[in-house]
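Given next are the chains, with one letter for each unit.
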Amino acid sequence: MKTLTIVGTAMAVMLAASPQMAAASDTRNHSITNSIPGNPGRDQLRQGQRALSRYITCGSCPFSQGVNDRSTANEVVRQVQGGEIEIPRRHRDALMVFIADRYGRTR
């Protein structure tokens, strides 16, 4: 009987603690993680991804259907480098890094 009481108490403690444990396991702060010195590439990739959404694939942008493969990515690079799509320099540089990372080396 004493063993049953100990097991019951242990189960009650585990059940009561599980919501706090679940909440604690998902407390990652991505903005802090991304700004750790020594990992500037991650910030540039995120900026490039935002530039793609803002200047290339928005609803009124030239590639509103999206960039889904390497040939489309090559066309984006060609148009951005050719000046057909105007993007501020810092966004353009981040976009090129993101496209190279996501789709591999482009022309």
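Reference entry: report on the structure contained in this document. Treat the numbers as computed from the prediction; the structure is a model and nothing was measured.

**Some thoughts on helix 4 (residues 70-81)**
(1) Moving on: For helix 4, with twelve residues, the first-to-last C-alpha span of 16 Å sits near the 16 Å given by 1.5 Å per residue.
(2) Moving on: Among all positions of helix 4, only Thr-72, Ala-73, Asn-74, Val-76, Val-77, Gln-79 and Val-80 are buried.
(3) Moving on: Positive phi appears at Gly-83, one or two residues downstream of helix 4, with a value of about 85 degrees.

**Overview of the environment of Pro-88**
(1) Moving on: Along the chain, Pro-88 falls in the loop between helix 4 and helix 5 (89-103).
(2) Moving on: Note: C-alpha distance between Pro-88 and Ala-51 (37 residues apart in sequence) is 9.5 Å.

**Digging into the nonpolar core**
(1) Moving on: In terms of nonpolar packing, the biggest core is built from 17 residues, with Ile-56, Val-67, Val-76, Val-80, Ile-87, Leu-95 and Ile-99 touching the most fellow members.
(2) Moving on: Counting only elements with at least two residues in this core, the list comes to helix 3 (40-56), helix 4 and helix 5.
(3) Moving on: Examining the composition of this core, we find that five residues originate from one element, helix 5, more than from any other.
(4) Moving on: Among residues more than four places away in sequence, those in contact with Ile-87 are Tyr-55, Ile-56, Val-80, Arg-92 and Leu-95.

**Some thoughts on the state of the cysteines**
(1) Moving on: Following the criterion strictly, the structure yields one disulfide and no others.
(2) Moving on: Note on cysteine connectivity: Cys-58 is disulfide-linked to Cys-61, with sulfurs 1.9 Å apart. Every disulfide takes its handedness from the sign of the S-S torsion; for Cys-58 and Cys-61 that torsion is 90 degrees, giving right-handed.
(3) Moving on: Take Cys-58: its relative accessible area is 22%, and that puts it in the partly exposed class.

**Side note on the pattern of salt bridges**
(1) Moving on: This model, assessed by the stated rule, comprises three salt bridges.
(2) Moving on: Taking the shortest distance from any N to any O, the salt bridge between Arg-89 and Asp-93 comes out at 3.9 Å. Placement of the pair is Arg-89 and Asp-93 together in helix 5, with a separation of four residues, close to one helical turn.
(3) Moving on: A single salt-bridge network, built from bridges that share partners, covers Glu-75, Arg-78 and Glu-84.

About the criteria used
For every chain, the first residue of its written sequence is number 1, and the numbers climb from 1 along that sequence. Given that this is a predicted model, residues contribute local features only at a pLDDT of at least 70 and side-chain atom pairs are listed and counted only at 80 or more, while totals for whole chains, interfaces and linings are drawn from all residues. To get the side-chain values, take all heavy atoms of the structure and skip hydrogens and water. Numbering goes from the N terminus for both helices and strands, where a helix is a DSSP run of H or I of at least four residues and a strand is a run of E of at least two. To estimate the expected span of a helix, subtract one from its residue number and multiply by 1.5 Å. The cut-offs for exposure are 20% and 50% of the maximum accessible area for each residue type, with area from a 1.4 Å probe on protein chains only; residues under the lower value are buried, those over the upper are exposed, and the others partly exposed. In this text, buried Ala, Val, Leu, Ile, Met, Phe, Trp, Tyr and Cys residues form a nonpolar core when linked through side-chain atoms within 4.5 Å. Note on contacts: a residue pair is in contact if any heavy atoms of the two residues lie within 4.5 Å. Cysteine sulfur pairs qualify as disulfides if the two atoms are within 2.5 Å. In the sections that follow, a salt bridge refers to a side-chain nitrogen of Lys or Arg positioned within 4 Å of a carboxyl oxygen of Asp or Glu.

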